[in-house]
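# Remarks on the overall topology
Single-letter residue listing:
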Amino acid sequence: MDKFKTVLNIANQQTKLGIGVVALLTAGGEQIFSSVVFKCPCSPKLNFVYGMVFLLVPALALLLLGYIINKKTWKLLTGLCHRDRLCSWSRFVFSGTLLFQISTTAMVAPSSWVAVALLSGNYFECAMTGVNVSAYKENLCGGKPSAEQCQKELFRLPCGKGISGVPEADKDDVLLTLRAQSQILGWLLIASIMLSNLLLSCLARCSSPISYLQLKFWRMYAQEESCMIDSFSAKHAKELAERNLKSFFNQTPPEDIQTPSKKAWEKISSIYKFSSKDHHYSTLHRFVESNHQEVDSSLMRMASVKSNDSGGVNPPVLGFVDEGKMGV
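As a starting point, this report considers the structure included with it.

## Concerning the nonpolar core
As a rule of thumb, soluble globular proteins bury nonpolar side chains together. Counting 24 residues, the largest nonpolar core has Tyr123, Val174 and Leu178 as the members making the most contacts within it. Sorting the residues of this core by element identifies helix H3 (47-68), helix H6 (108-120), helix H7 (122-128), helix H8 (134-141) and helix H10 (168-206) as the ones contributing at least two each. Discounting residues that sit within four places of it in the chain, Val174 has contacts with Leu140, Cys141, Lys144, Cys150, Leu154 and Leu157. Formed by 6 residues, the second largest nonpolar core is a distinct cluster that contains Ile210, Leu215, Trp218 and Phe274.

So, in structure tokens, the structure goes:
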């Protein structure tokens with residue numbers, strides 16, 4: 001279990017590695033699911049529905065799971081109904097951009113499922129043999145001596161049983177055609193995903209307002225802050241719980257423990273907004289710098305020039321800032 005947690009921590013710290021692990025786990029799960037659970041009913045009424053359900057419904061479930069485990073989803077939704085200017089245009093644009101960033105990450109697992117399922121061809125074979133379209137059946141069985149019987153018995157071909165009047169060679173030829181169509185769609189889907197990912201990555205890097213090395217440092221900082229805030233919160237929560245329990249059981253006045261106010265929690269829990277006039281690396285960094293300034297102005301501050309500009313839509317290249325570790 002500890003080794004598994006170590007792998008998850010490494011995957012969380014490396015976005016590309018994490019995406020690769022998710023894709024591989026999805027592909028492996030699909031293969032097991034296809035071989036153990038999936039059994040085509042070979043029914044003219046159920047084949048198409050059954051095949052499409054196995055092809056698309058797990059992908060939908062993985063998509064929803066991707067939204068659930070993304071930290072940004074809950075940062076965006078928590079307290080949304082109580083915020084001012086909920087319907088303002090700027091907030092709508094910002095929320096739409098953030099939702100697009102969340103969706104691109106959430107689409108990794110479902111697209112992997114559909115692509116691997118199409119490459120294996122089992123679901124597609126079952127579904128397409130249940131299509132009740134005469135033109136499609138004629139195209140699939142056309143040119144064969146048993147074309148008429150093939151069209152009538154098409155829904156039985158995936159099972160290979162109870163077929164009369166259709167030679168084995170014709171049956172294999174139809175199934176090979178369906179598998180070829182499925183694999184073509186699978187490779188086209190993979191190619192389109194890779195091309196879209198490349199174009200979006202190039203566009204994000206091209207429009208980056210910061211340099212490559214600063215971006216690399218920023219990503220390291222975001223990961224470290226995400227890990228450390230969990231440990232600091234757990235430590236502080238433990239101290240507060242111990243203080244309250246000691247006070248309760250010993251019937252003594254509670255010791256003074258400083259805890260951030262509700263307003264402070266709200267500020268550091270908000271979605272990060274990039275501003276070109278400062279170099280705050282997170283909402284926590286911005287809060288600390290803006291609320292705990294040195295009295296002596298002669299002392300040099302680590303952060304860059306302060307700004308009242310809250311920023312607008314974040315550059316796509318900074319989409320990692322609020323991600324941290326996956327979880328609600």
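## Considerations on a nonpolar patch on the surface
Together, Leu60, Leu64, Leu65, Ile68, Ile69, Trp74 and Leu77 make up an exposed nonpolar region whose accessible area comes to about 600 Å². At the level of elements, H3 and helix H4 (71-77) are the ones that each hand at least two residues to the nonpolar patch. With relative accessibility at 30%, the residue Ile69 sits in the partly exposed group.

## Focus: the packing of aromatic side chains
One pass over the structure, following the stated rule, counts 12 aromatic pairs. Grouped by ring-pair contacts, the aromatic residues Phe33, Phe38, Tyr50, Phe54, Trp113 and Tyr123 constitute a single cluster.

## Looking at the environment of Leu176
Its place among the elements puts Leu176 in helix H10. Exposure remark for Leu176: the relative accessible area of 59% places this residue in the exposed category.

## Here's the deal with the environment of Ser103
One can find Ser103 in helix H5 (residues 89-106). A relative accessible area of 16% means that Ser103 is categorised as buried. Sequence separation of Ser103 and Thr73 is 30 residues, and the distance between their C-alpha atoms is 9.7 Å. Reaching out from Ser103, the side chain makes a polar contact with the side chain of Tyr67 at a distance of 2.6 Å.

## So, the state of the cysteines
A complete count under the given rule lists 3 disulfides for this structure. Disulfide pairing places Cys40 opposite Cys126 at an S-S distance of 2.1 Å. An S-S torsion of about 80° defines the bridge between Cys40 and Cys126 as right-handed. With Cys40 in the loop between helix H2 (15-36) and H3 and Cys126 in helix H7, this residue pair connects regions lying 86 residues apart in the sequence. Taken individually, Cys40 and Cys126 each receive the classification buried, so the pair is uniform in this respect. Counting its disulfide-bonded cysteines in sequence order, the protein chain shows a connectivity of 1-3, 2-6, 4-5. With no disulfide of its own, Cys202 has Cys206 as its nearest cysteine by sulfur position, at a separation of 8.6 Å. The class of Cys202 is partly exposed, set by a relative accessible area of 44%.

## What about the packing of H3 against H6?
At a minimum axis separation of 7 Å, H3 and H6 run at an interaxial angle of 160°. Regarding the angle of H3 to H6, the classification is roughly antiparallel. Helix-helix and strand crossings are classified by hand; for H3 and H6 the assignment is right-handed. Taking contact as the criterion, the partners of Phe54, Leu55, Pro58, Ala59, Leu62 and Leu63 in H3 are, on H6, Ala109, Pro110, Trp113, Val114, Ala117 and Leu118.

The rules behind the values
- Residues numbered from 1 in each chain as written.
- Predicted model: local features only at pLDDT ≥ 70, side-chain atom pairs only at ≥ 80, totals over all residues.
- Heavy atoms only, no water.
- Core = buried A, V, L, I, M, F, W, Y, C linked by side-chain atoms within 4.5 Å.
- Buried < 20%, exposed > 50% of the residue type's maximum accessible area, 1.4 Å probe, protein only.
- Helix = DSSP H or I, 4+ residues; strand = E, 2+ residues; numbered from the N terminus.
- Contact = heavy atoms within 4.5 Å.
- Patch = residues over 30% accessible without salt bridge, like charges linked within 9 Å, V, L, I, M, F, W, Y side chains within 5 Å.
- Areas by Shrake-Rupley, 256 points an atom, 1.4 Å probe, with all protein chains shown as cover.
- Salt bridge = Lys/Arg side-chain N within 4 Å of Asp/Glu carboxyl O.
- Phe/Tyr/Trp six-rings, centres within 6.5 Å; stacked < 30°, edge-to-face > 60°.
- Polar contact = N/O pair within 3.5 Å; in protein donor to acceptor, adjacent residues only side chain to side chain.
- Disulfide = S-S within 2.5 Å.
- Axes fitted to C-alpha atoms, helices over the stretch in contact; angles between N-to-C directions.
- Parallel < 35°, antiparallel > 145°, perpendicular 65-115°, else oblique.
- Left-handed = near helix turned anticlockwise from the far one by under 90°.

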